[in-house]
Amino acid sequence: MGEPPTGIRKGLTNYGDAEFSLFLRKAFIKGAGYSDDALDRPVIGIINTGSGFNPCHGNMPALLEAVKRGVMLAGGLPVDFPTISIHESFSQPTSMFLRNLMSMDTEEMIRAQPMDAVVLIGGCDKTVPAQLMGAASAGVPAISLVTGSMLTGGYQGERVGACTDCRAFWGKFRGGEISKPEIDDVNSRLVGSVGTCSVMGTASTMACLTEAMGIAMPGSASAPAVTADRVRIAEATGTQAVALAAAETKMDTILTQESFENGLRVLLAIGGSTNAIIHLTAVAGRLGIRLSLEQQDRMSMETPVLLDLKPSGKYYMEDFHRAGGVPAVLRELGSLIHRDVPTVTGRTLGEEIDDAGPGFPQDIIRTLSNPVYPEGSLAVLRGNLAPGGAIIKQAAVSPSLLEHTGPAVVFENTADLAARIDDPDLEVTADSVLVLKNIGPVGAPGMPEAGYLPIPKKLASQGVRDMVRISDGRMSGTAAGAVVLHVTPESAVGGPLRLVQTGDTITLGVSRRLIQLEVSDAELAQREEAMGPAAPVVPERGYRKLFVTEVTQADEGCDFRFLQGSFVSDL
Ligand code: FES
């Protein structure tokens, strides 16, 4: 037995004659003008997720060129190839429905094509998790490169950015504070360039987590998409991919239990997106590591929010980059971070933190002794309404609603919501608790970001800007409010959420980690009997059928059961 094949000799098409397969492969690729010298180099695959439907990846050509330059500087042969690309606003029914499909595409194309390492270029919310999931399963050395955040825009002297400010302006429009011509004008000014959302939404959160977990270059998460820093990071990523190929460093070497713990720690400290919990759980699941909600909540109680970024704070990603980015957050977290974990650079995270140097005066990344919020941004809720858990971004809740009891106003699904939320006759007050059913992983399907229910127009026009809202769906990482999400198990598979009726009393107690339906067990049992067993609608064919049949609940990362690894450890 010789050494396993590398480069262009890897994974030959099987005709029963390996030498002929290689002969044929080289004949075809030479048609594109490659020399034997080039074809003898280590092959670095580069995933090109450029798409006319994905402006968050609009800088892909510049990044590809820079990554290729970096690969060639280190003596490798760069070869880019496409996979599915997903943009939040161009994905029907919802981007989450497509995340697992993209992860399968990523996994199989990495495995099918000959490459010694792969650069995963993603950015928009679901793309980075899909790539990490796929590459983790493919077992080829991989390094992540994000496209970077968009520049902020400006409106009437005010700095604005997508998409926290999109929601704020839309709320004002719904409340009659601004006119139709004004909202149309704002529409052209919210996004200053291509790139991912300019706040700490899901894309920015996942960018920070990949860096904190050591799977992307140090200092790489925060550089905006259209800056020289972003292009230099791309070049360095290409160069490092060649070193990863030589060392044969696979993802499971870097993404250990301690790395995931670092990822969770940073998620809590940056006021990150609730969606990231689902994504991290899914990536860890591919490597056989189970992330428990209890552990996340324990960590939340001891991890203050240090970053003053929208949606929970006031600054934008470009400010975060100037303030030092992820290395500065890691430095401030001090002993809360595992330092002795490997990274894609071949050095430990601790060595990279030390290398980033000391801090300097700024007010965007706070210290542990002067945090933005005393606990982690996210809290895990339990109670008879969510026996499998629910999530709330406590740092972004109006303080008066952190402890709240009120009567439920129930919507059976998104169509019911659209039909009635602005009905002037809807019996609702600012104290009501808005409940939306059937937007979970199976129910919608795909768990859309519809958990951020709009404030009923008649209340919005009275100045109401936040209410307690509860659903089994998700919320955009750029949104804020008293929004209880990921209620598990979801209503479509028989979770208690389906038993809630308009007029029931619901208690939210964030400090007690409580989400409780104040209805007796006997009454709930009666309702359950009257409704009969849950019968989720299973589509007749295709990916939709696969999705509904195989998707797991939020606490398992909404991955497909058959894609998860064998669980060997718990965090
Ligand atoms: Fe792509 Fe926000 S829509 S990152």
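Residues numbered from 1 in each chain as written. Predicted model: local features only at pLDDT ≥ 70, side-chain atom pairs only at ≥ 80, totals over all residues. Heavy atoms only, no water.

1. Some points on the overall build of the chain
Going by this rule: Strands here mean DSSP runs of E at least two residues long; helices mean DSSP runs of H or I at least four residues long; both are numbered from the N terminus. Computation of the radius of gyration draws on C-alpha atoms alone. For the globule rule, the value is 2.2 Å times the number of residues to the power 0.38. Between buried and exposed lies partly exposed: a residue is buried under 20% and exposed over 50% of the maximum accessible area for its type, with that area taken using a 1.4 Å probe on protein chains only. Contacts are residue-level and defined by heavy atoms, with any inter-residue pair within 4.5 Å sufficient. Working definition of accessibility: Shrake-Rupley area with a 1.4 Å probe, residue cover restricted to the visible protein chains. When charges are counted, Lys and Arg contribute as positive and Asp and Glu as negative, whereas His and the chain ends are disregarded. Charged groups are reduced to one reference atom each: NZ for lysine, CZ for arginine, CG for aspartic acid, CD for glutamic acid.
On a plain count of helices and strands, the chain comes out with 20 helices and 16 strands. In terms of overall size, the chain behaves like a compact globule, its C-alpha atoms giving a radius of gyration of 24 Å where 571 residues would be expected to give roughly 25 Å. For the chain, the spread of C-alpha atoms along the principal axes amounts to about 75 × 55 × 50 Å. Classification of the 571 residues of the chain by burial places 57% in the buried group. Taking all contacts inside the chain whose residues are at least 6 apart in sequence as the whole, residues at least 24 apart take part in 76%. Of the roughly 21900 Å² of accessible surface on the chain, 53% is carried by carbon and sulfur atoms. In the chain, 48 positive and 65 negative side-chain charges are present, and the distance between their average locations comes to 3 Å.

2. Description of the sheet that holds strand 2 (residues 77-82)
As a reminder, the rule being used: Here, strands pair whenever DSSP counts at least two bridges between them. Note on geometry: axes are C-alpha line fits, over the in-contact stretch for helices, and angles between N-to-C directions span 0 to 180 degrees.
Strand order in the open sheet formed by four strands is 2-1-3-4, and the pairing between neighbours is parallel. Edge positions in the open sheet fall to strand 2 and strand 4 (142-146), since each of these has one partner strand only. Ignoring strand direction, the axes of neighbouring strands in this sheet form an average angle of 25 degrees. Where strand 1 (residues 43-48) meets strand 2, six bridges bridge the pair, whose relative direction is parallel. Residue pairing in the sheet places I47 in a bridge with F81 of strand 2. Packed on one face of the sheet, helix 5 (residues 127-138) meets strand 1, strand 3 (117-122) and strand 4 and runs near 160 degrees to strand 3. Each of strand 1, strand 3 and strand 4 touches helix 9 (residues 228-247); the most contacted strand, strand 4, lies at about 175 degrees to it.

3. Here we look at the pattern of salt bridges
Going by this rule: We define a salt bridge as a contact between a side-chain nitrogen of Lys or Arg and a carboxyl oxygen of Asp or Glu at a distance within 4 Å.
If you walk through the whole model with that rule in mind, you get 38 salt bridges. R9 is the partner of D40 in a salt bridge, and the nearest nitrogen-oxygen pair spans 3.2 Å. In this pair, D40 sits in the loop between helix 2 (36-39) and strand 1 while R9 sits in the segment before helix 1 (18-30), placing the two residues 31 residues apart along the sequence. With relative accessibility at 49%, the residue D40 sits in the partly exposed group. The exposure class assigned to R9 is partly exposed, which follows from its relative accessible area of 34%. For the salt bridge of D297 with R513, the shortest nitrogen-to-oxygen distance reads 3.0 Å. Taken as a pair, D297 in helix 13 (residues 293-301) and R513 in the loop between strand 14 (505-509) and strand 15 (514-517) lie far apart in primary sequence, 216 residues in all. By relative accessible area, which is 10% here, D297 ends up buried.

4. Things to note about the packing of helix 11 (residues 257-269) against helix 15 (residues 325-333)
Definition in use: An angle below 35 degrees is read as roughly parallel, one above 145 as roughly antiparallel, one from 65 to 115 as roughly perpendicular, and any other as oblique. Any residue outside Ala, Val, Leu, Ile, Met, Phe, Trp, Tyr, Cys, Pro, Asp, Glu, Lys and Arg is labelled polar, Gly included; the first ten of those are nonpolar and the last four are charged.
Contact geometry for helix 11 and helix 15: axes closest at 11 Å, N-to-C directions at 100 degrees. The orientation of helix 11 relative to helix 15 falls into the category roughly perpendicular. Of the residues in helix 15, those in contact with R265, V266 and A269 of helix 11 are V329, L330 and L333. Grouping the constituent residues of the contact of helix 11 with helix 15 by class yields five nonpolar, no polar and one charged.

5. Looking at the state of the cysteines
To keep things clear, this is the line we draw: Sulfur atoms of two cysteines make up a disulfide when they are within 2.5 Å.
Overall, the coordinates contain one disulfide when judged by the stated rule. One disulfide in the model links C163 with C166; its S-S distance is 2.1 Å. Judged by the torsion about the S-S bond (-85 degrees), the C163/C166 disulfide is left-handed. By relative accessible area, which is 23% here, C163 ends up partly exposed.

6. Some points on the nonpolar core
To keep things clear, this is the line we draw: Only buried residues count toward a nonpolar core. Its members are Ala, Val, Leu, Ile, Met, Phe, Trp, Tyr and Cys residues joined through side-chain atoms within 4.5 Å.
Formed by 94 residues in total, the largest nonpolar core has its most connected members in I110, F260 and F320. Contact partners of F320, with chain neighbours within four places excluded, come to M200, C208, S222, L307, L309, G325, V326, V329, I364 and I365. In this structure, A395, A408, L508 and I515 belong to the second largest nonpolar core, which totals 31 residues.

7. A closer look at a nonpolar patch on the surface
Worth spelling out the cut-off: Nonpolar side chains (Val, Leu, Ile, Met, Phe, Trp, Tyr) are joined into patches within 5 Å and like charges within 9 Å, using only residues with over 30% relative accessible area and no salt bridge.
A surface patch of nonpolar side chains, amounting to about 350 Å² of accessible area, comprises Y15, F20 and F23. Relative to the helices and strands, Y15 resides in the segment before helix 1.

8. Examining unusual backbone geometry
Residue P311 is bonded to the preceding K310 through a cis peptide linkage, with omega at 10 degrees. Note on placement: P311 falls in the loop between helix 13 and helix 14 (317-322). The linkage connecting T488 with the following residue, P489, adopts the cis geometry, with an omega of -5 degrees. Tracing the backbone shows P489 in the loop between strand 13 (483-485) and strand 14. Of note, the phi angle at N438 is positive, near 65 degrees, even though the residue is not glycine. For N438, a relative accessible area of 26% puts it in the partly exposed group. The phi dihedral of H486 falls on the positive side, at around 55 degrees, and the residue is not glycine. With respect to the helices and strands, H486 occurs in the loop between strand 13 and strand 14. Overall, the relative accessible area of 3% leaves H486 in the buried class.

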